[in-house]
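Chain by chain, the residues run as shown.
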Amino acid sequence: MGEEVGFLGLGIMGKAMSMNLIRHGFKVTVWNRTLSRCDELVEHGASFAETPAAVVKKCKYTIAMLSDPSAALSVVFDKDGVLEQMCSGKGYVDMSTVDSDTSSKISEAITSKGGCFLEAPVSGSKKPAEDGQLVILAAGEKKLYEEALPAFDVMGKKSLFLGQVGNGAKMKLVVNMIMGSMLNAFSEGLILADKSGLNTQTLLDVLDLGGIANPMFKMKGPTMIQKSYSPAFPLKHQQKDMRLALALGDENAVSMPVAAAANEAFKKARSMGLGDLDFSAVYEAVKFPENSS
Ligand SMILES: NC(=O)C1=CN([C@@H]2O[C@H](COP(=O)(O)OP(=O)(O)OC[C@H]3O[C@@H](n4cnc5c(N)ncnc54)[C@H](OP(=O)(O)O)[C@@H]3O)[C@@H](O)[C@H]2O)C=CC1
Ligand SMILES: O=CCCC(=O)O
C-alpha cells in the first residue's frame, strides 16, 4: 500500500471510489478536468496534480473513471495526457464504461510505451461505490490486475478477471443493456398499473415478493413514483451504454429489438432535457412520449 495510486476523473463514481482508497490508507494523487472537484479529495488527504501526465509521472499505476469513449481517449492521447509519461514499470487501469474498440486503442498506446493496461469497468452505482461494494470486470494484463487487487478489494465486493482486453468492456455493456431494457419494462408496468386504477406502491410490494424481485426495482421504484431523479447513474451515460451495446449487437449480427426500443426511450428522455438526471427518469419519457422534441 506504500505506492502512490493515481486517480483521474472525480465525477459521481470517481469521487466515491478515490475517497474509499484514501479512507483505507492508500496514498492517492488526483486530477479532474474541472480542477475544483479535486478540492474535497485533497481535504481528505489526496495529493493534487495539474494534468493526467503529472499524475502518471508520480504514480506506479493510475486509475481512470471518465464519462465516455471520447473522454477516455482524450485523457490518454491529448496534450498533457497519460501517454506523455507512460513508460515501462507503470500501469493504467481504465474503469470507465467504454466499448472494446476504445479500450483496445488505449491498450495498444499504453503498451507501445512499455506500460501495462487493464480495463476494469464496474457494476454498481453511487451507493455501492461509496460502500466499496462494486463488482469489478477486469481484463487485460494479468500482472497489473494482481497489482491492483488491493485497490479493487477496497472499491469492490468482487473482482473478476475476464481475459483479454475487450472482454470487460463487452461484459459491462451486456449487463447495462439488460438493465436499461428492464428499467423500460418496469416503467411501462408502473404506468399500466396507475392508468388501470391500481396502486403503484402495491405493485412494488407484489414485485418484491416474487421471482422478478431485484435491487433495482426495490431502490428505484419508490423514487420513480415520487418523480425524484437525483442522479446516481446519469441517464446520458445509460443511453451511451445502450448505444454501445447495440453497436456490439450490430458487429455480432445479434438482433436486439427490446434493447433498441429501450434505447429510443432513453434518447427521447435526453431530448426532453433529462440527460443529467438519474437514468430512472426514463419513466418520464415512457409516460409522456409526446414531450420529446
Ligand atoms: N454513476 C453510475 O452509477 C455508474 C457509472 N459508470 C460509468 O462510470 C463512468 C463515470 O460515471 P459517473 O461518475 O457517473 O459520471 P459523471 O458524469 O459524474 O463524471 C464524469 C467524469 O468524466 C470527466 N470528463 C467528462 N468529459 C471529459 C473530457 N473530455 N476530458 C476529461 N474528463 C472528462 C468529468 O470531468 P468534469 O468534472 O470536468 O466534468 C467527470 O470527472 C461512466 O463511464 C459511467 O458510464 C459505471 C457504473 C455506475
Ligand atoms: O453503469 C452503471 C451501473 C449502475 C448499476 O449497476 O446499478
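Everything quoted here is computed from the prediction, not taken from an experiment. (Residues numbered from 1 in each chain as written. Chains lettered and ligands numbered in written order. Predicted model: local features only at pLDDT ≥ 70, side-chain atom pairs only at ≥ 80, totals over all residues. Heavy atoms only, no water.)

Draft legend 1. Looking closely at the overall build of the protein chain. The helix and strand tally for the protein chain stands at 13 helices and nine strands. Its C-alpha radius of gyration of 20 Å places the protein chain within 12% of the 19 Å reference for a compact globule of 293 residues. A principal-axis box enclosing the C-alpha atoms of the protein chain has dimensions of 65 × 45 × 35 Å. Counting every position in the protein chain, which comprises 293 residues, the buried fraction comes to 51%. Of all intrachain contacts in the protein chain linking residues separated by at least 6 positions in sequence, the fraction that spans at least 24 positions is 66%. Only carbon and sulfur atoms are counted for the fraction: they give 55% of the accessible area of the protein chain, which is about 13300 Å². Distance between charge centroids for the protein chain: 1 Å, based on 31 positive and 33 negative side chains. (Helix = DSSP H or I, 4+ residues; strand = E, 2+ residues; numbered from the N terminus. Rg over C-alpha atoms; globule rule 2.2 N^0.38 Å. Buried < 20%, exposed > 50% of the residue type's maximum accessible area, 1.4 Å probe, protein only. Contact = heavy atoms within 4.5 Å. Areas by Shrake-Rupley, 256 points an atom, 1.4 Å probe, with all protein chains shown as cover. Lys, Arg positive; Asp, Glu negative; His and termini not counted. Charge placed at Lys NZ, Arg CZ, Asp CG, Glu CD.)

Draft legend 2. Expanded view of a nonpolar patch on the surface. Taken together, the side chains of Leu-35, Val-42 and Phe-48 present a nonpolar region at the surface, about 220 Å² in accessible area. Mapped onto the fold, Val-42 is located in helix 2 (residues 39-43). (Patch = residues over 30% accessible without salt bridge, like charges linked within 9 Å, V, L, I, M, F, W, Y side chains within 5 Å. Salt bridge = Lys/Arg side-chain N within 4 Å of Asp/Glu carboxyl O.)

Draft legend 3. Inspection of the site of ligand 2 at higher detail. The environment of ligand 2 is formed by Ser-123, Gly-124, Ser-125, Lys-172, Asn-176, Met-179 and Phe-233. Interatomic distance of 2.8 Å between a backbone N/O atom of Gly-124 and an oxygen atom of ligand 2. The separation between an oxygen atom of ligand 2 and a polar side-chain atom of Asn-176 is 2.8 Å. Out of a free accessible area of 240 Å², ligand 2 has 80% covered by protein chains. (Near = heavy atom within 4 Å. Polar contact = N/O pair within 3.5 Å; in protein donor to acceptor, adjacent residues only side chain to side chain.)

Draft legend 4. Broad picture of the nonpolar core. Core analysis: the largest hydrophobic core is formed by 35 residues, its most contacted members being Phe-7, Met-17, Leu-21, Met-95, Phe-152 and Met-155. The set of elements that each furnish at least two residues to this core consists of strand 1 (4-8), helix 1 (12-23), strand 2 (27-31), strand 4 (61-64), strand 6 (116-119), strand 8 (134-140) and helix 7 (142-155). Residue contributions to this core peak at seven residues, all from helix 7. Not counting chain neighbours up to four residues away, the residues in contact with Met-95 comprise Met-17, Ile-63, Ala-64, Met-65, Ala-120, Pro-121, Val-122, Ile-136, Phe-152 and Met-155. Counting residues in each nonpolar core, the second largest holds 30 residues, with Phe-217, Leu-235, Ala-259 and Ala-265 among its members. (Core = buried A, V, L, I, M, F, W, Y, C linked by side-chain atoms within 4.5 Å.)

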